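Topology and contacts: notes
Here's the letter readout for the chains.
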Number of protein chains: 2
Amino acid sequence: MALIVQKFGGSSVADAESIKRVAKRIVDTRRAGNDVVVAVSAMGDTTDELLDLAAQVAPIPAPRELDMLLSSGERISMALLAMAIHSMGYEARSFTGSQAGMITTADHGSARIVDVTPVRLREALDDGAVVIVAGFQGFNRDTRDITTLGRGGSDTTAVALAAALNADVCEIYSDVDGIFTADPRVVPLARKLDTVTAEEMLELAANGAKVLYIRAVEYARRHGVLIHARSSFSSNDGTYVLGEGMTDPRTSKESGMSDVIGMEEPVVTGVAHDLSQAKITVVGVPDVPGSAAAIFTLVAKTGANIDMIVQNVQSASPGRTDISFTLPKQSAPEVLRALTADQESIGYESLVHDDQIGKLSVVGAGMRTHSGVSVTLFEALSQAGINIEMISTSEIRISVVVRGDDINEAARAVHSAYGLDSEIEATVYAGTGR
Amino acid sequence: MALIVQKFGGSSVADAESIKRVAKRIVDTRRAGNDVVVAVSAMGDTTDELLDLAAQVAPIPAPRELDMLLSSGERISMALLAMAIHSMGYEARSFTGSQAGMITTADHGSARIVDVTPVRLREALDDGAVVIVAGFQGFNRDTRDITTLGRGGSDTTAVALAAALNADVCEIYSDVDGIFTADPRVVPLARKLDTVTAEEMLELAANGAKVLYIRAVEYARRHGVLIHARSSFSSNDGTYVLGEGMTDPRTSKESGMSDVIGMEEPVVTGVAHDLSQAKITVVGVPDVPGSAAAIFTLVAKTGANIDMIVQNVQSASPGRTDISFTLPKQSAPEVLRALTADQESIGYESLVHDDQIGKLSVVGAGMRTHSGVSVTLFEALSQAGINIEMISTSEIRISVVVRGDDINEAARAVHSAYGLDSEIEATVYAGTGR
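It should be emphasised that the depicted structure is a prediction, and the values quoted were computed from it without experimental measurement. (Residues numbered from 1 in each chain as written. Chains lettered and ligands numbered in written order. Predicted model: local features only at pLDDT ≥ 70, side-chain atom pairs only at ≥ 80, totals over all residues. Heavy atoms only, no water.)

What to know about the UniProt feature "binding site: substrate" (unreviewed entry) in chain A
Residue and element names in this part refer to chain A. According to UniProt, the positions carrying the feature "binding site: substrate" (unreviewed entry) are Thr 47 and Glu 74. Across 28 residues, the annotated set stays spatially compact, with a maximum C-alpha separation of 9.0 Å. Tracing the backbone through its elements, the reader meets Thr 47 in helix H2 (residues 46-57). Those residues in contact with Thr 47 that lie beyond four places of it in its chain are Ala 42 and Leu 70. In this structure Glu 74 touches Val 40, Ser 41, Ala 42, Ala 134, Gly 135, Phe 136 and Gln 137, once residues within four positions along its chain are discounted. (UniProt positions renumbered as here; feature names shortened; annotations may be inferred. Helix = DSSP H or I, 4+ residues; strand = E, 2+ residues; numbered from the N terminus. Contact = heavy atoms within 4.5 Å.)

Considering the relation of the copies chain B and chain A
Note: a rotation about an axis with an accompanying shift along it relates these two copies of the chain. The operation relating chain B to chain A is a screw motion whose rotation component is 180 degrees, with 0.1 Å of axial translation and a residual RMSD of 0.1 Å. Taken together, these values place the two copies in the relation of a two-fold axis. Minimal C-alpha distance to the rotation axis in chain B is attained by Ser 72 of chain B, lying at 2.6 Å. Looking at the interface residues of chain B, 100% of them are also at the interface in chain A, so both copies use one shared face. (Least-squares fit on C-alpha atoms with pLDDT ≥ 70 in both.)

A few points about the environment of Arg 112 of chain A
Tracing the backbone shows Arg 112 of chain A in the loop between strand S4 (102-104) and strand S5 (113-116). In sequence terms Arg 112 of chain A and Arg 93 of chain A are 19 residues apart; their C-alpha atoms lie 25 Å from each other.

Quick word on the interface of chain B and chain A
In this assembly, 42 residues from chain B lie in contact with 42 residues from chain A. Per-residue buried area on chain B facing chain A is highest for Val 57, Arg 75 and Met 83 of chain B; these three make up 21% of the total on that side. For the interface between chain B and chain A, the tally reads four salt bridges. The salt bridge involving Asp 145 of chain A is made with Arg 120 of chain B; its shortest N-O contact spans 2.8 Å. There are 16 residue pairs in polar contact (both at pLDDT 80 or more) connecting chain B and chain A. If you list the elements that add at least two residues to the side of chain B that touches chain A, you get helix H1 (16-31), helix H2 (46-57), helix H3 (63-86), strand S3 (92-95) and helix H4 (119-126) of chain B. The dominant element in the side of chain B that touches chain A, judged by the number of residues it contributes, is H3 of chain B, at 16 residues. Here the residues of the side of chain B that touches chain A sort into 24 nonpolar, nine polar and nine charged. (Buried area = accessible area lost by both parts, 1.4 Å probe. Salt bridge = Lys/Arg side-chain N within 4 Å of Asp/Glu carboxyl O. Polar contact = N/O pair within 3.5 Å; in protein donor to acceptor, adjacent residues only side chain to side chain. Nonpolar A, V, L, I, M, F, W, Y, C, P; charged D, E, K, R; others polar.)

A word on empty space enclosed by the protein
All names here are of chain B. Per the stated rule, a full pass over the model turns up four cavities of 30 Å³ or more. In this structure, the second largest cavity spans a volume of roughly 50 Å³. Around the second largest cavity, the lining residues are Phe 8, Ser 12, Arg 21, Val 22, Arg 25, Ser 232 and Phe 233. The element that contributes the greatest number of residues to the lining of the second largest cavity is H1, accounting for three residues. Across the lining of the second largest cavity, the residue classes tally to three nonpolar, two polar and two charged. (1 Å grid on protein atoms, 1.4 Å probe; cavity = no way out; pocket = protein on both sides within 12 Å on 5 of 7 lines; lining within 4 Å. Points joined across faces, edges and corners; volume = space filled by probe spheres on them.)

Given below as structure tokens:
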């Protein structure tokens with residue numbers, strides 16, 4: 001008998017009907033003879049509504065109290081879910097983050113998990129109960145206060161529970177069938193991957209794929225948790241995210257393109273696109289040692305996450321160079337302020353802000369062993385008449401910046417060029433994938 | 001510097017605006033140099049909305065999960081209240097029932113408080129913080145599960161905190177100015193009482209007065225807590241409920257009608273009315289020993305709370321008697337079912353169910369030392385042409401059952417007959433008094 005951890009997001013428990021549907025799904029898993037532990041998010045827009053209430057009573061809500069407030073959202077959904085399961089004739093018990101032993105740092109709103117002591121969960125499992133745990137929340141031992149984990153918190157809760165309970169698999173349910181070779185809403189011929197390696201998943205997630213949160217995937221890789229990303233709207237198999245030395249539980253094949261039957265393992269696993277970035281170009285930087293250091297020390301101070309950096313060999317004016325970098329759109333204003341304030345000391349000529357860019361990334365572990373992978377990318381884009389503005393690479397990824405308007409066409413062209421196209425169009429559900 | 005416990009109900013924190021108003025009131029008390037501990041209910045209709053959700057997912061919600069669900073309501077209101085106070089520049093910390101050390105029995109939905117260990121509250125007070133505690137909830141030590149206290153729970157939470165922290169006063173805020181000699185919505189000339197004894201308050205509450213819950217008053221009397229019932233819409237003094245040996249903190253007079261200047265202490269403190277009762281008459285019961293026992297054993301089995309019992313000496317048929325009793329309207333159907341089922345064994349002739357009755361009660365500690373108190377009542381009613389159907393008395397109370405339609409006129413007539421009328425009409429706020 002297996003121990004299965006399941007995570008259901010807010011859209012899966014948005015109302016009484018969806019809660020009953022999820023409850024039935026959990027009961028089916030239990031009836032199949034498995035122990036089941038469920039991490040659940042707050043219902044639908046509950047968290048946003050609570051944030052709105054907080055804003056109405058306090059311009060800057062006290063972080064401790066904000067966590068106390070937000071943590072009530074999961075208490076509602078988990079209690080309702082437990083009731084629904086109970087009324088189907090199965091024992092079910094819900095536990096808050098602290099009851100579940102989810103011990104975190106004291107950083108309210110963005111707490112990190114430091115330990116999981118699921119004593120009460122084990123007791124409940126031994127009693128034959130289905131265990132429901134509030135996602136997104138924990139508590140700090142020193143302050144004895146309730147904390148929340150921040151963005152992607154419920155996924156992380158699920159993976160952390162799977163690790164602590166040594167679960168056989170951690171099923172992350174969303175409104176898409178799994179991980180695709182590209183976003184099916186942009187690339188209709190995208191195919192679902194049976195498996196993807198954790199490192200590939202991290203690159204895909206970091207570069208625009210929205211099905212899983214980086215934080216949860218990282219946690220899973222570090223603790224050897226097998227993630228199964230699947231849809232709460234179908235019982236189809238989804239995509240298994242395989243960490244170091246894991247194998248596909250169905251075929252026990254090593255991670256790879258086991259879904260592309262009769263083909264050699266392709267070099268590229270998937271294509272990701274990202275429209276959330278902006279580009280800043282610092283024009284006419286003195287071409288002397290220390291210029292770049294000065295600029296990025298300044299940028300770092302703003303807390304902005306720099307992604308790509310490109311330095312042109314030549315600038316319009318002699319003895320000077322241009323430095324371009326990409327960063328999240330919302331970080332741009334702050335960075336521009338900082339750079340403008342220090343223009344004299346840095347000695348650059350001007351700033352160019354461009355928030356109409358799109359980033360396309362091809363990811364594949366096979367790149368390690370194959371050369372010329374980039375050529376396919378560049379050729380595909382040039383044939384599509386799409387201009388490349390920036391290029392950056394990692395060991396298993398190549399990313400290019402193009403015009404935002406070109407990103408969809410670029411994704412389709414590149415997906416096809418790497419032979420990833422499926423014969424049939426993928427079914428696309430409404431929703432964001434979260 | 002005094003320690004003041006304040007309780008605010010759901011209507012006082014129904015939305016962001018009301019929460020800010022309550023926060024300001026708390027801050028004023030704090031600014032005046034007092035330590036403040038607040039017990040707060042869930043916002044407005046939150047509890048009903050949660051109950052509705054529960055009913056949608058489960059016909060009979062699991063009690064443990066129902067308590068988990070309902071307890072989230074106070075977490076929302078208390079966190080918002082703490083934020084609001086915080087944003088006014090005062091330190092404030094909210095605590096759940098379990099964090100506050102509110103230890104209860106394991107009876108979900110109707111838990112009784114067995115101990116209060118407010119360690120964290122004392123720490124917070126020592127740090128100079130305003131303490132906000134979730135009303136209505138606690139936890140059980142053995143099961144480590146969250147419990148709720150049931151009806152009147154938040155009032156009881158406040159009184160229990162006042163007792164455990166040895167507070168100087170427990171202020172129960174509602175939308176009325178305090179305890180009146182009668183319901184001002186029925187008796188316009190009712191006057192607000194400066195003080196009332198706990199035993200009088202218990203009789204008034206038990207017989208229809210709605211401002212305070214019996215349970216909280218009982219707890220306060222047992223633990224020597226001074227209750228101050230006052231309005232959240234004005235800063236006027238309300239009514240102090242004085243237990244054994246307590247004195248009016250303003251006049252340090254013993255409990256009594258210190259508000260009726262220049263009069264002898266009247267025998268009657270207040271008039272209460274109650275339209276929530278029904279009357280059942282068992283007609284033609286064999287006039288032999290054991291008949292009454294048989295009937296009320298049966299009634300007790302249904303769990304119904306019997307109030308008044310009257311046995312007529314004579315019934316229409318010889319050798320038989322009629323037994324009438326009053327009980328809460330909602331209990332009547334169940335009791336009628338039970339009696340009908342056992343008609344043969346009891347041997348009565350028929351049942352009469354009357355849910356159009358009203359109960360009028362006059363309450364006063366002075367009755368102990370004065371005789372002829374009832375005469376005033378009976379004369380007042382007969383002068384008003386109102387017929388009395390049943391009579392019952394306690395040491396400090398006389399109650400009569402009349403037609404429900406007559407109850408308002410009866411209340412006015414009796415209030416006036418006992419010299420309780422004020423010269424001016426009382427201000428009446430909307431709302432139920434809760």
